[in-house]
Structure formats: C-alpha cells, structure tokens
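Breakdown of the fold
In case you want the letters, here they are:
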Amino acid sequence: MPEAVAGHGGLNLMRPLTIYSLLTILAALALSAAACQPFLAGGDGNGGTVAAEVVAPPGGLVVETVVEGLEIPWDLAFTPDGRILVTERPGRIRVVKEGLLQDVPYATIDVFHRSEAGLMGIALHPRFADNGYLYVCYTYRSGRDTYNRVARLTDRGDHAADHHVILDGIPGDTRHDGCRIRFGPDGYLYVTTGDATDPGLSQDLHSLAGKVLRMTADGDAPPDNPFPGSLVFTWGHRNPQGLDWHPETGDLFITEHGPNRDDEVNLLRPGGNYGWPEVTGAAGDPEYVDSVLALTPTVAIAGAAFVSGGGMPASWQGNLVFAALKSSHLQRVTLEPPDYRAAASRQIMFQGRYGRLRAVFMGPDGYLYFTTSNRDGRGSPRQGDDRLLRLGLP
Ligand SMILES: [Ca+2]
C-alpha cells in the first residue's frame, strides 16, 4: 500500500523505489536537456560558465598502458634518445627504456614525502642532448621547517648524478606545494609554487610562495622579468600544478587548485595578480586577473597539456587537456578562435575509468600521455596501479 507521507522507522519498500524512479526520471530529463543544449556560450571572458559535456571515450581513439607498477607518478620528461623519465612522489625518478620500466631507479632523491609533498616536477634543459641537464622540484625539511627547492641533475645514461640546488627556501608544507616545472619557448625555466597553506604569502611579492616563478637555468632572474631582480612572474596563486604554452599563440596557461570552489584555468600575463586569497575565479575586480575557466564544484585540477601532434585527431589540435584527481577524469577544453583566450566548450572523458589522474604530457611522438594517482593515499589502487597511459589514434 503506498504511503502518502513518509514516516520514520516504518519498513516501506515503496518509498525507496519511488525515490529511485524519480531520480531516474530526473537524470533522464537532465541528460536529454544536455543533449539538446550542447554548450553554454563561451568566449565572453567571464571565466567559468562553459558547461561540460560528459562524453563516452572518444570514438576512434585508443588508450594503451605504457607501463604499470609505478608509485604516485607525478611528472614526465622524454629524452631525445627515446627514454621516458617519470618522477615518483616518494623520491624516485624511474626510467622507461624501449617500453620497459627499469627496476633500478634512475635517481633516488632524499625528499620529505608526506601527504601532497615529495618529489614532483621534472623538466629537461632545452639543450639536454648536449649538456645532459635535468631539473626536479621537491619538498625537503630543514630543522622543523618545510620547503621546496629546484635542483639540477646530470644524465649519466642509466642514472643521474651531480645533484646541484639552483633555488631553495621556497615555502612548503605537506599540502599546496606547486612544483610543476617547464622550460618555456623563451628558454627560461618556469616553476609553480603553492601557498604552503599560508594564503597571505600569495599576496606578498617578497615571498616565493603562491607564485609562478621565471628564472634562468641557473636560478637567476632574467633581465625582463616583470619585477626587476625578482623571480616572480605572476602572483596571487593558491596551488598551481599544470603549466603549458599554447602551440600556436605561445600564451602560457596554468591550472590551479581552488578551495571549496573555483578550480581555475588561467592565462598568465607578466606581473599579473591572480587574486588568491582575496578573490577566486572571475571576480571582475580590476586589481586581479580573472580566470579563463573556473570550475565549481571543484574537481582537483592537476596536470595540463596542449594537444599538438600527429598522434591526435585534427579536431583536438590546440585543445587544452587537464587531469582531475578527485573527479577522476580527463577534461578537454576547446578555446575560442582567433586568439584562443576563452573557453568555447569542454568535454569530460574517462569518468572514473582509471581512478585519480594527475600528470598530462604531450609526448614527442604526438600522443597524449597521462598517469593515474591511485596510490597517493586518497585513491583506491587497482591492479597495475599506478599506470602511465597513452591516448591517441590507433
Ligand atoms: Ca585566481
């Protein structure tokens, strides 16, 4: 017998069924509405109203497992001679040679591995083929204090040696350590730093925390940095962990973890203040730079890369792909021509299929590489985790 008003305590099979049916109908309505209305308007620079379309794994593309059995792979680098270097957060650089993950680490680094902290970014010097220089960013302890640093290593074939610190004393903590590092088209090294859970530091131009830093390969300030003599390129960041340049325009974009709202994709303008902790997303305050895209609810936005290469479809070229840790997906953002500075549409892919995803990297072979992060203490490890995966045309 149906019950008009649900009471507590009574055994009633009808009620859950009814609610379930109602939810099913609502979900179906939502799906059909989404299908009829593919995307909200983009390109108005309002930083975050572009709706995401959840799509099945893209037709024609395949995902291959490159290697498995990694532990919290955080970042990747491809050497000119075909090796893949993978940082593992506990403090190892692993090497994939001729498709095989070598048992012996390429390098072991003494890091402070706790919660989100540890060994993170890796980048090769633009003239790596000549000088063998590679750079890493990691967390360390000094007394009772926690910091991050950038160090240079030298390739010795099967291993790396000559650990040389180029910048240290970046405020750190067990969370919000930034540490994505990349050499730009201008030959300078860009380093993201987090607020080290002290948000006020992001608004302090004398602190290295909550910034994107720009430096020479020796850790010095380039002559054309926006604040003379300072490494600071942009400020007011919370915890940026993705960084790449648009293949056509050369614009630098970052992804940045928001608090309980507004994960951000930002286009960096030299000297720009991106607002944290005063504002988030696209606040419309002239003192701060609005985000290109803001995601609420947050997805825990992580690594990011622009697509450019023959292993990916023509329609994907110039799209920004980023990984989501918490929401366990890849997201593809199409930017609005002709200047590619506003989001036009976005798609969510592989929802939940591989678990938490962290690094995204455009391989020199034209395929898009990404990594799982299910062994980081916040996921559910599956067989083979963590994995390095490759997405592309068959
Ligand atoms: Ca911001």
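That block above? That's the structure.
Scoring rules and cut-offs
Residues numbered from 1 in each chain as written. Predicted model: local features only at pLDDT ≥ 70, side-chain atom pairs only at ≥ 80, totals over all residues. Pairing = 2+ DSSP bridges. Helix = DSSP H or I, 4+ residues; strand = E, 2+ residues; numbered from the N terminus. Axes fitted to C-alpha atoms, helices over the stretch in contact; angles between N-to-C directions.

1. Thoughts on the pairing of strand S11 (residues 160–171)
When strand S10 (residues 145–155) meets S11, the two strands line up antiparallel, connected through seven bridges. Its bridge partner being in S11, valine 150 is matched across the sheet by leucine 167. Between S10 and S11, which follow one another and run antiparallel, lie four residues, and glycine 157 among them has a positive phi close to 85 degrees.

2. Some remarks on the sheet that holds strand S24 (residues 357–362)
An order of S2-S26-S25-S24 is seen for the four strands of this open sheet, with the pairing classed as antiparallel. Two strands bound the open sheet, and with one partner strand each, they are strand S2 (62–67) and S24. In this sheet, neighbouring strand axes are inclined to one another by 25 degrees on average, regardless of whether the strands run parallel or antiparallel. As judged from the four bridges shared by strand S25 (residues 368–372) and strand S26 (residues 388–392), these two strands associate in the antiparallel manner. Each residue of the ladder has a partner; that of tyrosine 369, found in S26, is arginine 390.

3. Re the environment of phenylalanine 350
Assignment of secondary structure puts phenylalanine 350 in the loop between strand S23 (343–349) and S24. For the pair phenylalanine 350 and serine 328, spaced 22 residues apart in sequence, the C-alpha separation works out to 7.7 Å.

4. Section: unusual backbone geometry
Following tryptophan 276, the chain continues into proline 277 via a peptide bond in cis, with omega recorded as 0 degrees. In this fold, proline 277 is placed in the loop between strand S18 (263–267) and strand S19 (293–295). Geometrically, the link from threonine 296 to proline 297 is a cis peptide bond, its omega value of 0 degrees lying close to zero. Its location among the elements puts proline 297 in the loop between S19 and strand S20 (301–306). Of note, histidine 176 is a non-glycine position whose phi angle comes to about 60 degrees, a positive value. In this structure, histidine 176 sits in the loop between S11 and strand S12 (181–183). Positive phi is not limited to glycine here, since alanine 300 has a value of about 65 degrees. Positionally, alanine 300 belongs in the loop between S19 and S20.

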